[in-house]
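# Descriptive analysis of the structure
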Amino acid sequence: LLEMVDRLGIDVIWFGYGNISFPLIQAIRAARPQLKLVCDTDSVWSRFVLRELPYAGSERRRAAIERKGRQKETEERAWVQLCDVTTAVSEVDAEFYRSISPEPERIHLFSNVIDLASYREVPSAPADLKRPCMFLAGTFGHYNSPMDTAARWVLEEILPRVQAQIPEVHFYIVGKGSDRTLGHASGQSVTVTGKLPSVLPYLCHADVSLVPLKFESGTRFKILEAAACGVPIVSTVLGAEGLPVVHGEHLLLADEPEQFAAAVVEMIRNKPVARQLAGNCHELVQQGFSVEHLENEA
């Protein structure tokens, strides 16, 4: 990097995924104090880590979470001073970074967005797609990850309640690592696909997209993508954090199993309501989370 800086006369280094770039940020700042540095974050990583505490199954796990989370907090306090700009994907995140920065004006919004044009062409559904169906996509791969925890919650608490009213419902778990940690759940009512070239053949033909997160940080691309595809969404409150969505207007929000399952049933059975919410959410994303919107923020 330093060789490139010197050879090309670079003035600014923009650290994408700045949350994991702290050692590099330190080294670059020490070597070239005159450079302008941007730490582009995708979340508040300390929150991402520490929010798992209520779900930790052992004291050893709790201690590991505390240690890792406090380390990230220390890094966050350091980089908001080292960098000329720290970006946040939502006002929720921006407020956190402003609260730990001696110069809050260095914190700027740089939202998660989606290229709606790439979702206009609807792919064909998989030949064996079962309807009605629920869809959950993400990156899976270890027992304590937010996505694995969310998937188990749906399998254990949500799916049986939905099946009590819609016995034929099918649950698709799609994404990298899902087959490794959740493949055992595949059966008559569940399909675990693992990594796919694209999630769109499943997402575009789903009756409802789920965002059942209990802990995480940042804003959820899952909601933006489902909205881009015109698919109705049921999410936990935390799952929709940082996005200006309203329960009953853009999607349905629920944190308790009974309410979450009831929302899924409503989306599957009440097609006019589902279409209205999905349309409203698509319009919201189009207005505030497009590539053009991000260009203005940049």
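In the block above lies the structure referred to throughout.
Residues numbered from 1 in each chain as written. Predicted model: local features only at pLDDT ≥ 70, side-chain atom pairs only at ≥ 80, totals over all residues. Heavy atoms only, no water.

### So, the pattern of salt bridges
Applying the stated criterion to the full structure yields 18 salt bridges. A salt bridge links glutamate 95 to arginine 98, with the shortest nitrogen-to-oxygen separation between them at 2.6 Å. With a gap of three residues between them, glutamate 95 and arginine 98 both fall in helix H5 (residues 91-100), about one helical turn apart. We classify glutamate 95 as partly exposed; its relative accessible area is 46%. Among the residues examined, arginine 98 registers a relative accessible area of 23% and is labelled partly exposed. A salt bridge links glutamate 241 to arginine 220; its shortest N-O distance comes to 3.7 Å. With a gap of 21 residues between them, glutamate 241 in the loop between strand E9 (233-235) and strand E10 (252-253) and arginine 220 in the loop between strand E8 (208-211) and helix H9 (221-228) connect regions that are remote in the sequence. What makes glutamate 241 buried here is its relative accessible area of 14%. With a relative accessible area of 1%, arginine 220 lands in the buried category. (Salt bridge = Lys/Arg side-chain N within 4 Å of Asp/Glu carboxyl O. Helix = DSSP H or I, 4+ residues; strand = E, 2+ residues; numbered from the N terminus. Buried < 20%, exposed > 50% of the residue type's maximum accessible area, 1.4 Å probe, protein only.)

### A few points about the pairing of strand E5 (residues 133-137)
Where burial is concerned, most of E5 is hidden: five out of the five residues are buried. The alternating pattern of E5 places Cys133, Phe135 and Ala137 and Met134 and Leu136 on opposite faces, both of which are buried. Crossover connection from E5 via helix H6 (residues 146-165) to parallel strand E6 (residues 170-174): handedness right-handed. For E5 and E8, the ladder comprises two bridges, and the chain directions are parallel. For phenylalanine 135, the partnering residue across the bridge sits in E8 and is serine 209. (Right-handed = clockwise from strand over helix to strand, strands pointing away. Pairing = 2+ DSSP bridges.)

### Details of the packing of aromatic side chains
Each aromatic ring pair is specified by the distance between its two centres and by the angle formed by the two planes. For the structure shown, the criterion picks out seven aromatic pairs. Ring plane angle 65° and centroid distance 5.2 Å describe the contact between tryptophan 14 and phenylalanine 110, whose orientation is recorded as edge-to-face. Highlighted residues: tryptophan 14 in strand E1 (residues 12-15) and phenylalanine 110 in the loop between strand E4 (107-109) and E5, separated in sequence by 96 residues. Considering the side-chain rings of tyrosine 172 and tyrosine 202, the 5.2 Å spacing of their centres and the 50° angle between planes classify their relative orientation as tilted. Placement of tyrosine 172 in strand E6 and of tyrosine 202 in helix H8 (residues 200-203) is noted, with a sequence separation of 30 residues between them. Tyrosine 172 sits in the buried class, given a relative accessible area of 3%. Of the aromatic side chains, those joined through ring pairs into one cluster are Trp79, Phe96 and Tyr97. (Phe/Tyr/Trp six-rings, centres within 6.5 Å; stacked < 30°, edge-to-face > 60°.)

### Side note on the packing of helix H10 (residues 257-269) against helix H11 (residues 271-288)
For any two helices packed against each other, one specifies the crossing angle of their axes together with the interaxial distance. Running from N to C, H10 and H11 cross one another at 100°; their axes reach a closest spacing of 5 Å. Between H10 and H11, the angle falls in the class roughly perpendicular. The segment H10 lies against H11, with Glu266, Met267, Ile268 and Arg269 engaging Lys271, Val273, Ala274 and Leu277. Of the residues that constitute the contact of H10 with H11, the class distribution is five nonpolar, no polar and three charged. (Axes fitted to C-alpha atoms, helices over the stretch in contact; angles between N-to-C directions. Parallel < 35°, antiparallel > 145°, perpendicular 65-115°, else oblique. Contact = heavy atoms within 4.5 Å. Nonpolar A, V, L, I, M, F, W, Y, C, P; charged D, E, K, R; others polar.)

### A closer look at the sheet that holds strand E3 (residues 85-88)
If you walk across this open sheet you meet the four strands as E1-E2-E3-E4, and the pairing is parallel. Because the sheet does not close on itself, it has two edges, and the strands there are E1 and E4. Here the average twist between neighbouring strands, direction ignored, is 25°. Examined bridge by bridge, E1 and strand E2 (residues 36-40) share four bridges and lie parallel to one another. Note that in E2 the partner of valine 12 across the bridge is lysine 36.

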